[in-house]
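# A look at the structure
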Amino acid sequence: MKKTVATCLLAALLAGCEQTEDQKAAPLMSHIEALYAQGRYRQALDSIRKLRVNHPNALEARKKSLRIWQDAYLKMVQQDIARTDSALQAVTILQRQARTIRERNFLGIRKDSLQIRYDALCGTVRVIHRRQGENR
């Protein structure tokens, strides 16, 4: 009886010493936070994917990484919106200055394409904002 109790106690102590999934994921999580703080959003998203694959049971780390994912993706989309808006404004000016119908038509096609991209990116921002409201 004493041996059984001692064996169970030893097994419980050994199990208590093992790291949890969140503790195992902590170094990667701190790397993700550093990448985000440095503005390296693409690398942060790639590291979050790695976290999800390598530590599927690290629930707290995954919850924290979801917030970072949303924020990083939002910032990337906002940067893309700024670039698209600048290109859209430039094409609009060029279209007004075009001398031939052919030129105006080609620039019109480019302008329509940029406008669609701009609208889609704005829709993505709206979805991210809604999701962030649900998660916080």
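As a starting point, this report considers the structure included with it. (Residues numbered from 1 in each chain as written. Predicted model: local features only at pLDDT ≥ 70, side-chain atom pairs only at ≥ 80, totals over all residues. Heavy atoms only, no water.)

What follows concerns the nonpolar core. Core analysis: the largest hydrophobic core is formed by 14 residues, its most contacted members being Met-29, Ile-32, Leu-51 and Ala-61. Residue assignment for this core shows that the elements contributing at least two residues are helix 2 (21–37), helix 3 (41–54) and helix 4 (59–97). Considering every element that reaches this core, the biggest residue donor is helix 4, with five residues. Setting aside residues up to four positions removed in sequence, Met-29 forms contacts with Leu-51, Ala-61, Lys-64, Ser-65 and Ile-68. With seven residues, the next largest nonpolar core counts Leu-74, Leu-121, Cys-122 and Val-125 among its residues. (Core = buried A, V, L, I, M, F, W, Y, C linked by side-chain atoms within 4.5 Å. Buried < 20%, exposed > 50% of the residue type's maximum accessible area, 1.4 Å probe, protein only. Helix = DSSP H or I, 4+ residues; strand = E, 2+ residues; numbered from the N terminus. Contact = heavy atoms within 4.5 Å.)

Turning our eyes to something else, we now look at the pattern of salt bridges. Once the charged atoms of two side chains with opposite charge are near each other, the side chains can pair. With the rule as written, the count across this model stands at six salt bridges. Here Glu-21 makes a salt bridge to Lys-24, at a shortest N to O gap of 3.8 Å. One end of the pair, Glu-21, and the other, Lys-24, are both in helix 2, three residues apart, so they sit about a helical turn from each other. Here Asp-80 and Arg-117 are joined by a salt bridge, their closest N and O atoms 2.5 Å apart. With Asp-80 in helix 4 and Arg-117 in helix 5 (residues 101–135), this residue pair connects regions lying 37 residues apart in the sequence. (Salt bridge = Lys/Arg side-chain N within 4 Å of Asp/Glu carboxyl O.)

Turning our attention to the packing of helix 3 against helix 4. One can describe the packing of helix 3 onto helix 4 by two numbers: an axis separation of 9 Å at closest approach and a directional angle of 150°. Classed by the angle they form, the pair helix 3 and helix 4 counts as roughly antiparallel. Crossing angle aside, the handedness with which helix 3 passes helix 4 is left-handed. Across the interface between the two elements, Tyr-41, Arg-42, Leu-45, Ile-48, Arg-49, Leu-51 and Arg-52 of helix 3 pack against Ala-61, Arg-62, Ser-65, Leu-66, Ile-68, Trp-69, Ala-72, Tyr-73, Lys-75, Met-76 and Gln-79 of helix 4. In terms of residue class, the contact of helix 3 with helix 4 is made up of 11 nonpolar, two polar and five charged. (Axes fitted to C-alpha atoms, helices over the stretch in contact; angles between N-to-C directions. Parallel < 35°, antiparallel > 145°, perpendicular 65-115°, else oblique. Left-handed = near helix turned anticlockwise from the far one by under 90°. Nonpolar A, V, L, I, M, F, W, Y, C, P; charged D, E, K, R; others polar.)

Turning our eyes to something else, we now look at the side chain of Ser-47. Considering the arrangement of structural elements, one finds Ser-47 in helix 3. Excluding residues within four positions of it along the chain, Ser-47 makes contact with Leu-28, His-31, Ile-32 and Leu-35.

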